[in-house]
Amino acid sequence: MMASQKIKLTETSVKDAAPNEKYWDTAIKGFALFTGKETKTFYFQKDVKGQTVRTKLGAWPETRVIDARAEAALLVADYASGVV
């Protein structure tokens, strides 16, 4: 089972992230980095009507933290306004 931690997701924290972990951002609820053996992938996760909806934002380093964070912030706004 993956361990789970809350940290501020930054380029440095993502670069140093251990494998097989889930890192939840302290600034944006639902914004996360899931690490595998060799991959690091950003997600946004939200519970909608009792169902967990997870959106893949991209893989690091192709997707930078600042871009994934911006996308997560847009999703927060979309969910809040009822767009999604």
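Residues numbered from 1 in each chain as written. Predicted model: local features only at pLDDT ≥ 70, side-chain atom pairs only at ≥ 80, totals over all residues. Heavy atoms only, no water.

1. Some words on unusual backbone geometry
Part 1: Here the bond from Trp60 into Pro61 is cis, since omega is 10 degrees, no more than 30 degrees from zero.
Part 2: The phi dihedral of Asn20 falls on the positive side, at around 55 degrees, and the residue is not glycine.
Part 3: Assignment of secondary structure puts Asn20 in the loop between α1 (11-15) and β2 (21-25).
Part 4: Of note in this structure, Lys49 is not a glycine but carries a positive phi near 50 degrees. (Helix = DSSP H or I, 4+ residues; strand = E, 2+ residues; numbered from the N terminus.)

2. Let's talk about the side chain of Gln45
Part 1: On the secondary structure map, Gln45 appears in strand β4 (residues 40-48).
Part 2: Separated by 2.8 Å, the side chains of Gln45 and Arg54 make a polar contact. (Polar contact = N/O pair within 3.5 Å; in protein donor to acceptor, adjacent residues only side chain to side chain.)

3. Some words on the sheet that holds strand β3 (residues 31-35)
Part 1: With respect to topology, five strands assemble into an open sheet ordered β1-β2-β3-β4-β5, the strand pairing being mixed. The open sheet has two edge strands, β1 (3-7) and β5 (51-60), and neither has a second partner. Neighbouring strand axes in the sheet, compared pairwise and without regard to direction, differ in orientation by 25 degrees on average.
Part 2: Here five bridges tie β3 to β4, and the two strands are oriented antiparallel to one another. (Pairing = 2+ DSSP bridges. Axes fitted to C-alpha atoms, helices over the stretch in contact; angles between N-to-C directions.)

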